[in-house]
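Here's the letter readout for the chains.
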Amino acid sequence: MPQKPKDSPSGKNKVARIDFRFRRELAEKIEGDLASFCYQCGACVGDCPATTYGSDFNPRDIMLKVLYGLGDELLGENSILWECTNCYNCHERCPQDVKPVEVIISLKNMLADLGIYPPAVEKVIQTFEKTGRTVPLSDAVNRQREKFGLPPLPEVPMEEIQKLIEPDSEEGEKD
Amino acid sequence: MKRFAFFPGCLIPARHPAMEFAIREALPRLGIEIVDLDNASCCPDPIYFKSKDKLSWLAVAARNLCLAEDLGLDIFTNCSGCTATLSETYHLLQNEVLREKVNKRLKRIGREYKGTSRVRHIVTLLRDFAGYEAIKDSVERPLEGLKMAIHYGCHLLKPSRIMQVDDPNDPSVMENLVTALGATPVRHRNWYLCCGKACQSDEVPSNMMHDLLGTVNDEHADILCMICPTCFGQFDFGQMKVSKQFGEDFHTPPVYYFQLLAFAQGVPYDKLGLERQRFKPDCLRRFETTTIPEG
């Protein structure tokens, strides 16, 4: 059983017990399993704008917490995960193909399962689920379009979208 | 004419129709025929809805790709966010296990994803199907003497193995496209930075934009050439906000590349919706007095 570093977020000089259950849960999300390949080289940190311009965000640190299974430190209200700029520099730099940004998005999927979103994020998601667009249609939008000789925007066939975003049933999809 | 299915997304058609207008003016002049897609939805966005559930995100994106497959055409996007979603979907669904999962979802609506339509960002249509020379030839009023700082943004280039647009560390496509207009591209020191829109903290985007705009100012560029509508918002409204916040004067007008192209091709300034921007590219007006050759 590996030991945590002394400055580990969960206390000093304790023997670490890795919560593999958390890691297995994360691995069920698409590309959430890639964190296992992280060898903590830090290549993701140097080019990370959220690290450079913020105070707390560090993708290597997030990957370390994942490796230790410290889900509680990542999955809560005001999670640090939302400081990610989604710039994909870490994806570009990682020599292990961990795609830290994708692991972070998979962690956000776990947050969503808990029903936790920043209000601004939740608003866009709701708009999409209601209208099929992230910028909803309105008369004002279509008037603007008309000024440029563009046709009005059509409605999105929502019955199709709603069927697609319905979660898979427990017993699996029927063939 | 080369034909491509057009995936306009949400932001450009609904918030920036001037950009869509410019695209519809510019592409036919370069021998590219735009085929509209019926029944498309949001790509869906690679930041918000993807954060909720990647599988649902993939399923909706795959449905959009199916619409182009039905037409037997490759699909092109005008927004770097849509490119990120659709290119990544195309890439991920080469994996058979994932494709099967997504196709189970698509079966609910009687569709199947086959992977027969490639995803192309609109700049690659210009580069690979029209060519820089043809763009140059289509220009009726060369924008000579204009200095344009380029903001590539993130998702046009990265992840490079998935986007397959250009070298993410030393790209050239936008420089070449600006040169084809007769203008002079300038690469400011912070050209590679992100616009910060997706970040949910206040601190990160404003500090980053402040740094970025500082190096744009150093170059005394006349225009900031944009290729992503999300970045555009950050440099339009956002530039004003950062100026106020830091008490500094940032004022380089951001302009979406296709509005610059359509203008250079002869579309009048007043038809391009540029007066709706917070920072107006008045420097373009002097080219309107240039005589347009007959014929």
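Above this note sits the structure.
Attention here is on the structure that accompanies the text.

About the cut-offs
Residues numbered from 1 in each chain as written. Chains lettered and ligands numbered in written order. Predicted model: local features only at pLDDT ≥ 70, side-chain atom pairs only at ≥ 80, totals over all residues. Heavy atoms only, no water. Contact = heavy atoms within 4.5 Å. Buried area = accessible area lost by both parts, 1.4 Å probe. Salt bridge = Lys/Arg side-chain N within 4 Å of Asp/Glu carboxyl O. Pairing = 2+ DSSP bridges. Helix = DSSP H or I, 4+ residues; strand = E, 2+ residues; numbered from the N terminus. Axes fitted to C-alpha atoms, helices over the stretch in contact; angles between N-to-C directions. Buried < 20%, exposed > 50% of the residue type's maximum accessible area, 1.4 Å probe, protein only. Polar contact = N/O pair within 3.5 Å; in protein donor to acceptor, adjacent residues only side chain to side chain.

### Comments concerning the interface of chain A and chain B
Consideration 1: Contacts between the two partners involve 55 residues from chain A and, on the opposite side, 66 residues from chain B.
Consideration 2: The junction of chain A with chain B conceals about 5,500 Å² of combined surface from both sides, 59% of it contributed by carbon and sulfur atoms.
Consideration 3: Three residues, Tyr53, Phe148 and Leu164 of chain A, lead the burial of chain A against chain B; their summed loss comes to 16% of the area buried on that side.
Consideration 4: Applying the counting criterion to the chain A and chain B interface returns nine salt bridges.
Consideration 5: Among the salt bridges present, the one from Glu102 of chain A reaches Lys54 of chain B, with a minimum N-O distance of 2.9 Å.

### Points about the sheet that holds strand S4 (residues 119-121) of chain B
Residue and element names in this part refer to chain B.
Consideration 1: In spatial order, the strands read S2-S1-S3-S4; together these four strands make up an open sheet with parallel pairing. Two strands lie at the open edges of the sheet, namely strand S2 (32-36) and S4, each paired on one side alone. Shown here is a sheet whose adjacent strand axes are inclined to one another by a mean of 45 degrees, direction ignored.
Consideration 2: Where strand S3 (residues 75-77) lies against S4, three bridges are found, and the strand directions are parallel. Bridge assignment links Ile75 to a residue of S4, and that residue is Val119.
Consideration 3: Contacting strand S1 (2-7), S2, S3 and S4, helix H7 (residues 122-130) runs over the sheet at an angle of about 90 degrees to S4.

### Here's the deal with the side chain of Asn103 of chain B
All names here are of chain B.
Consideration 1: Note on placement: Asn103 falls in helix H6 (residues 96-107).
Consideration 2: What makes Asn103 buried here is its relative accessible area of 14%.
Consideration 3: A polar atom in the side chain of Asn103 sits 2.7 Å from the backbone nitrogen of Tyr113.
Consideration 4: Those residues in contact with Asn103, other than ones at most four positions away along the chain, are Arg111, Glu112 and Tyr113.

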